[in-house]
Amino acid sequence: MEMTLSRGQWMRRHLATLCFPSSSSLTPLRFLPIANSNARFLSFSAAATLQSNVPLNPKVNLECDGGMEIPIKGSMVLLKGMRYHELEKWVQSHGYRPGQAMMLWKRLYGNNIWAHCHEELEGLNKDFKKMLSAHAEFKALHLKDMISASDGTKKILFTLEDGLVIETVVIPCPRGRTTVCVSSQVGCAMNCQFCYTGRMGLKRNLSAAEIVEQAVFARRLFSHEVGNITNVVFMGMGEPLHNIENVLKAADIMVDEQGLQFSPRKVTVSTSGLVPQLKRFLKESNCALAVSLNATTDEVRNWVMPINRKYNLELLLGTLREELRLKRHYKVLFEYVMLAGVNDSVEDAKRLINLVQGIPCKVNLISFNPHCGSNFKPTTDEKMIEFRNILAKARVVVFVRPSRGDDQMAACGQLGKPGEIQAPLLKVPLKFRPVLDSSLSA
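Computed from a predicted model, the values in this text were never measured in an experiment.

Enquirer: Whenever I open this one, the overall build of the chain confuses me. Can you help?
Expert: Within the chain, the secondary structure is distributed over twelve helices and 18 strands. Taken across its 442 residues, the chain has 54% of its residues classed as buried. Within the chain, contacts between residues at least 6 apart in sequence are counted, and of these 68% link residues at least 24 apart. For the chain, the exposed area adds up to about 19,600 Å²; of that, 51% sits on carbon and sulfur atoms.

Enquirer: Help me out: how do you make sense of the nonpolar core in this one?
Expert: What tends to happen in soluble globular proteins is that the nonpolar side chains get buried as a cluster. Residues Leu 79, Trp 90, Leu 104, Leu 132, Phe 194, Leu 320 and Phe 334 are the most contacted members of the largest nonpolar core, which totals 119 residues. Phe 194 has contacts with Asn 294, Val 304, Met 305, Val 337, Leu 339, Phe 368, His 371, Ser 374, Phe 376 and Gly 413, leaving out every residue within four places of it along the chain.

Enquirer: Sorry, what's going on with the pattern of salt bridges here?
Expert: Proximity of charged atoms lets side chains of opposite charge pair with each other. Evaluation of the coordinates by the stated rule reveals 15 salt bridges. One salt bridge in this structure joins Arg 83 and Asp 252, with 2.9 Å as the shortest N-O distance. Pair noted here: Arg 83 is in the loop between strand E4 (76-78) and helix H2 (84-93) and Asp 252 is in helix H6 (residues 244-254), with a separation of 169 residues, a long-range link. Classification of Arg 83 as partly exposed rests on a relative accessible area of 24%. Residue Asp 252 is classed as partly exposed on the basis of its relative accessible area of 34%. The salt bridge partner of Asp 348 is Arg 351, with a shortest N-O separation of 2.9 Å. Here Asp 348 pairs with Arg 351, and both are found in helix H10 (residues 346-355), just three residues apart, close to one helical turn. In this structure Arg 351 comes out as partly exposed when scored by relative accessible area, which is 33%. Salt bridges here are not isolated pairs; linked through shared partners, they connect Asp 162, Arg 204 and Glu 210.

Enquirer: I would appreciate a short explanation of the packing of H2 against helix H3 (residues 98-109) in the present structure.
Expert: Two numbers describe a pair of packed helices, the interaxial angle and the distance between the axes. Where H2 meets H3, the closest approach of the two axes is 8 Å, and the angle between their N-to-C directions is 130 degrees. Of the possible angle classes, the one that applies to H2 and H3 is oblique. The element H2 and its partner H3 pack so that their crossing is right-handed. Contact residues: Tyr 84, Leu 87, Glu 88, Val 91 and Gln 92 in H2; Pro 98, Gln 100, Ala 101, Met 102, Leu 104 and Trp 105 in H3. Residues of the contact of H2 with H3, tallied by class, amount to eight nonpolar, two polar and one charged.

Enquirer: Help me understand empty space enclosed by the protein in this model?
Expert: A probe as big as a water molecule, rolled over the atoms, marks out the empty space that is left. For the coordinates displayed, the defined rule picks out one cavity of 30 Å³ or more. Quantified by volume, the largest cavity comes out at close to 40 Å³. The wall of the largest cavity is formed by Phe 194, Val 337, Ile 366, Ser 367, Phe 368, Asn 369, Cys 412 and Gly 413. Looking at the lining of the largest cavity residue by residue, the classes come out as five nonpolar, three polar and no charged.

Enquirer: Explanation requested: unusual backbone geometry in the structure shown.
Expert: Leaving glycine out, the prevailing phi sign among residues is negative, and the prevailing peptide bond configuration is trans. In this structure, Asn 111 is a non-glycine residue whose phi angle is positive, near 55 degrees. Inspection of the secondary structure assignment puts Asn 111 in the loop between H3 and helix H4 (126-135). The phi torsion at His 329 lies on the positive side, around 55 degrees, for a residue other than glycine. Turning to its location among the elements, His 329 is positioned in the loop between helix H9 (313-324) and strand E15 (332-338).

Rules and cut-offs
Residues numbered from 1 in each chain as written. Predicted model: local features only at pLDDT ≥ 70, side-chain atom pairs only at ≥ 80, totals over all residues. Heavy atoms only, no water. Helix = DSSP H or I, 4+ residues; strand = E, 2+ residues; numbered from the N terminus. Buried < 20%, exposed > 50% of the residue type's maximum accessible area, 1.4 Å probe, protein only. Contact = heavy atoms within 4.5 Å. Areas by Shrake-Rupley, 256 points an atom, 1.4 Å probe, with all protein chains shown as cover. Core = buried A, V, L, I, M, F, W, Y, C linked by side-chain atoms within 4.5 Å. Salt bridge = Lys/Arg side-chain N within 4 Å of Asp/Glu carboxyl O. Axes fitted to C-alpha atoms, helices over the stretch in contact; angles between N-to-C directions. Parallel < 35°, antiparallel > 145°, perpendicular 65-115°, else oblique. Left-handed = near helix turned anticlockwise from the far one by under 90°. Nonpolar A, V, L, I, M, F, W, Y, C, P; charged D, E, K, R; others polar. 1 Å grid on protein atoms, 1.4 Å probe; cavity = no way out; pocket = protein on both sides within 12 Å on 5 of 7 lines; lining within 4 Å. Points joined across faces, edges and corners; volume = space filled by probe spheres on them.

Everything listed here is a matter of coordinates, which is why it stays silent on function.
Okay, here's the thing in structure tokens:
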């Protein structure tokens with residue numbers, strides 16, 4: 001039987017996660033320096049566990065001499081949680097040359113190998129492979145299931161070390177552009193009212209290794225079937241910028257020219273509008289940014305995207321206007337999920353034109369994908385075209401994005417599996433109640 005917490009209970013439970021600290025929501029445990037990778041943890045500050053209500057990741061950070069943080073799993077180093085310079089230093093700490101680190105890196109991420117164990121490291125020094133077998137862990141995820149939708153979209157379910165499950169989607173395109181949609185959290189704290197993942201609440205952040213390995217698995221499993229996977233979108237489960245430290249690290253690994261070699265322009269990080277983290281992302285990353293807008297007034301956005309109560313439209317869009325003046329040849333992508341009778345009127349289209357003025361941008365109009373956790377209905381195709389034409393006439397670059405994988409709950413806003421305790425449905429503004437009431441009676 002499903003349980004829904006009251007708004008008060010939910011807010012108290014997630015108070016810490018809704019404070020949105022400017023760095024990571026989790027403070028790494030701090031350990032004393034160690035002499036070698038076999039040493040056990042000597043001490044740590046218990047205060048670190050009080051920084052957030054979000055459960056600690058199963059991976060923690062080991063702080064070695066020189067301040068470098070090495071992700072570990074048990075007593076093993078987690079290879080896919082390191083940027084290249086970190087991997088190189090770790091390899092050198094075991095007495096091997098930097099060239100060995102590069103050969104390992106290419107076998108983890110390049111040369112069509114995507115190694116998952118030391119036996120797949122063909123061409124590496126025998127002693128080096130023996131050391132890796134003893135001290136390194138290759139996999140952060142365990143394949144649970146794969147589901148194919150009628151349009152060729154693939155949904156992959158992964159089990160994590162703590163038994164939680166995440167979902168990743170591979171979206172083939174006949175024009176030769178295939179996209180992997182990765183998750184950044186287990187669940188989500190944002191409680192967007194149209195999103196199935198939001199019904200879960202937030203379980204925990206994913207580590208950088210757990211994020212990166214979704215892309216590695218996608219290439220390993222499907223490159224022979226769909227060709228080269230060229231694009232990554234952080235639009236799966238979770239709010240990426242709520243896990244900004246691990247997302248920035250994962251994105252850096254993905255765009256490394258000696259590794260996965262994704263173009264920064266083809267790695268897109270989406271956000272519901274966490275303004276401090278958004279500013280940091282634009283300063284520290286060359287990857288693309290997508291902002292889920294989904295409303296043209298604060299009244300509607302406060303309802304369908306509660307984050308707007310903290311960072312409203314004026315603050316969000318003003319920040320983008322200011323920050324993008326410093327980035328040349330950069331356009332933000334606005335995502336706009338169209339909800340019948342809620343945000344799809346002619347007046348909404350005209351307001352949207354005014355809202356994005358002065359912001360280098362593109363607009364994606366997205367059809368709402370129904371699920372059992374929501375009473376919204378999708379806008380008709382005819383009305384979406386009308387909405388698009390109003391924007392295009394005003395010279396806004398706009399696209400209508402078709403749903404992919406919706407027959408297998410693999411489309412935008414459909415990922416995850418809410419448990420017994422679910423996030424609350426928020427109070428519907430009075431003028432929109434007839435719209436939702438009619439959808440219930442239909």
